Amino acid sequence: MILVTGATGTTGSAVVRQLNKVGIRPRIMVRDPQKAQRYLPDALVEVVQGDYADAASVKAALTGISAAYLVSNEDPQFEVQLDQFIRIAEQVGLNKLVVLSALADPQSDISFVRLHGQYEQRICQSALNFSIIYPDWFMQNFLGHIQAGQWVFPGGPGLVSFIDVRDVAAFAAKLLQDPTGYHQSCMRITGPQAMTFAQAADKINTMLAGSQCRPFRFIQPTADEYRSMMLQRGAPASSLEMFIGMTSLSRNGVNYPPTSVFADVMGYQPCSFEQFIQQHMDYIRHWLKP
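Predicted model only: the values in this text are computed from it and were never measured.

Reading the values: rules and limits
- Residues numbered from 1 in each chain as written.
- Predicted model: local features only at pLDDT ≥ 70, side-chain atom pairs only at ≥ 80, totals over all residues.
- Heavy atoms only, no water.
- Pairing = 2+ DSSP bridges.
- Helix = DSSP H or I, 4+ residues; strand = E, 2+ residues; numbered from the N terminus.
- Axes fitted to C-alpha atoms, helices over the stretch in contact; angles between N-to-C directions.
- Contact = heavy atoms within 4.5 Å.
- Parallel < 35°, antiparallel > 145°, perpendicular 65-115°, else oblique.
- Left-handed = near helix turned anticlockwise from the far one by under 90°.
- Nonpolar A, V, L, I, M, F, W, Y, C, P; charged D, E, K, R; others polar.
- Core = buried A, V, L, I, M, F, W, Y, C linked by side-chain atoms within 4.5 Å.
- Buried < 20%, exposed > 50% of the residue type's maximum accessible area, 1.4 Å probe, protein only.
- Phe/Tyr/Trp six-rings, centres within 6.5 Å; stacked < 30°, edge-to-face > 60°.
- Right-handed = clockwise from strand over helix to strand, strands pointing away.

**Q** Please explain the sheet that holds strand S3 (residues 46-49) as it appears in this structure.
**A** Backbone-to-backbone hydrogen bonds pair the strands of a sheet. The strands run either parallel or antiparallel. Read across the sheet, 7 strands follow the order S3-S2-S1-S4-S5-S6-S8 without closing on themselves; strand pairing throughout is parallel. Pairing within the sheet leaves two strands with one partner each, and these edge strands are S3 and strand S8 (185-189). Along the sheet, successive strands turn relative to each other by an average axial angle of 20°, direction set aside. Across 3 bridges, strand S1 (residues 2-5) lies against strand S4 (residues 67-71) in parallel orientation. Across the sheet, Val-4 pairs through a bridge with Tyr-69, a residue of S4. Helix H5 (residues 111-125) contacts strand S5 (96-100), strand S6 (130-135) and S8 of the sheet and is inclined by roughly 160° relative to S6.

Written out as structure tokens, the structure reads:
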């Protein structure tokens, strides 16, 4: 059996749907089963109520599991919780751990990158067979901001190879079903094109041309301007600084070109940004109508 943690999240829910597509009914560990029912109303799952901080519930969730999907996060307690999760997984004989992570370097000056680097070190020191997935920014991020008609983002000239969450989930689901492949691997998966955030917003507006919709506004403040704006809106200072650090790579012009990893593993090309926008055009037109 496969365990999916974070099953009410962006990728976790998509992984559940991908597994269901191939006839697999995973176990999900969630804090709130009623929330899981709302987010996954038609999914075929075995629900276990649990919390990373509760060792007994983690053990119950992992018992009888062959492969588990775990999403890293920036919660101050996650490093301790990850250590506990790994120790319990080792005790119950988990065969495969698939981790969704982010750019990682334990020596980085950027707290976000350093934190994920520390997580990666702990995973690599474990006795588990693991695969760590580093996806680039999700295409779906644009959809949430389209509802507001604009996205205020402290980016810059750095190129990003945006990827569809559905492709991330399909990739993770394949690894979870492969008990012998891609062990002790760190895999960066991307979409097929690299562009700046501003260029991606321009592509949306180009594809909307002639549709009588309002343009999608992309506003790119400096880090200081963004910090001031968000603090005035009551954003928590700690998470705000984490986000500003994470986006500093884009502002500093760091480029993340496409990789062939997705196609090499899956046997087909990932969704392009244009394909993604075209698939969601009715949604976009609805929110950007005059």
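**Q** Looking at this model, I keep getting lost on the packing of helix H1 (residues 10-21) against helix H7 (residues 165-176). Mind explaining?
**A** Between two packed helices, the angle of one axis relative to the other and the distance separating the axes together describe the packing. Close contact between H1 and H7 brings their axes to 8 Å; oriented N to C, the two are set at 60°. The orientation of H1 with respect to H7, classified from their angle, is oblique. For the crossing formed where H1 meets H7, the hand is right-handed. On the side of H1, the interface is formed by Thr-10, Thr-11, Ala-14, Val-15, Gln-18 and Leu-19, while H7 contributes Val-165, Arg-166, Val-168, Ala-169, Ala-170, Ala-172, Ala-173 and Leu-176. Residues of the contact of H1 with H7, tallied by class, amount to 10 nonpolar, 3 polar and 1 charged.

**Q** Help me out: how do you make sense of the environment of Val-98 in this one?
**A** Note on placement: Val-98 falls in strand S5. On a C-alpha basis, the gap between Val-98 and Gly-156 in space is 31 Å, while along the polypeptide they are 58 residues apart.

**Q** Please explain the nonpolar core as it appears in this structure.
**A** Of all hydrophobic cores here, the largest spans 33 residues; its most connected members are Val-4, Val-15, Ile-28, Tyr-69, Ile-133 and Phe-171. At the level of secondary structure, the elements contributing two or more residues to this core comprise S1, H1, strand S2 (27-30), S4, S5, H7, S8 and helix H11 (261-266). Here this core gets 9 residues from one element, more than from any other, and that element is H7. Not counting the four nearest positions on each side in its chain, Ile-133 is found in contact with Val-98, Val-99, Leu-100, Ser-101, Phe-171, Ala-172, Leu-175, Met-187 and Ile-189. With 32 residues, the next largest nonpolar core counts Tyr-52, Ala-61, Leu-82 and Ile-86 among its residues.

**Q** Honestly, the packing of aromatic side chains in this entry has me stumped. Any pointers?
**A** Two numbers describe a pair of aromatic rings. These are the distance of the centres and the angle of the planes. All told, the structure shown has 21 aromatic pairs when counted by the stated rule. Their ring planes at 85° and their centres at 5.4 Å tell us that Trp-137 and Phe-153 sit as a pair that is edge-to-face. Of the two residues, Trp-137 is situated in the loop between S6 and helix H6 (141-146) and Phe-153 in the loop between strand S7 (150-152) and H7; the sequence distance between them amounts to 16 residues. A relative accessible area of 1% means that Phe-153 is categorised as buried. With centroids separated by 5.0 Å and ring planes inclined at 90°, the aromatic side chains of Phe-142 and Trp-151 adopt a geometry described as edge-to-face. Among the aromatic residues, those joined into a cluster by ring pairs are Trp-137, Phe-142, Trp-151, Phe-153, Phe-162, Phe-197, Phe-218, Tyr-226, Phe-243 and Phe-273.

**Q** Please explain the environment of Ser-108 as it appears in this structure.
**A** Along the chain, Ser-108 falls in the loop between S5 and H5. Taking relative accessible area as the criterion, Ser-108 reaches 13% and is therefore assigned buried. Setting aside anything within four residues of it in sequence, one finds Ser-108 in contact with Val-113 and Arg-114.

**Q** What exactly am I supposed to notice about the side chain of Thr-11 here?
**A** Relative to the helices and strands, Thr-11 resides in helix H1. Residue classification places Thr-11 among the buried positions, given a relative accessible area of 6%.

**Q** Please explain the pairing of S1 as it appears in this structure.
**A** Sheet faces and side chains relate simply in a regular strand, where the side chains alternate between the two faces. Of the two faces of S1, the one holding Ile-2 and Val-4 and the one holding Leu-3 and Thr-5 are both buried throughout. In the sheet, S1 pairs with S2 via 3 bridges, with the strands oriented parallel. Residue pairing across strands places Leu-3 opposite Arg-27, the latter belonging to S2. Note that the unit made of S1, H1 and S2 has a crossover that is right-handed.

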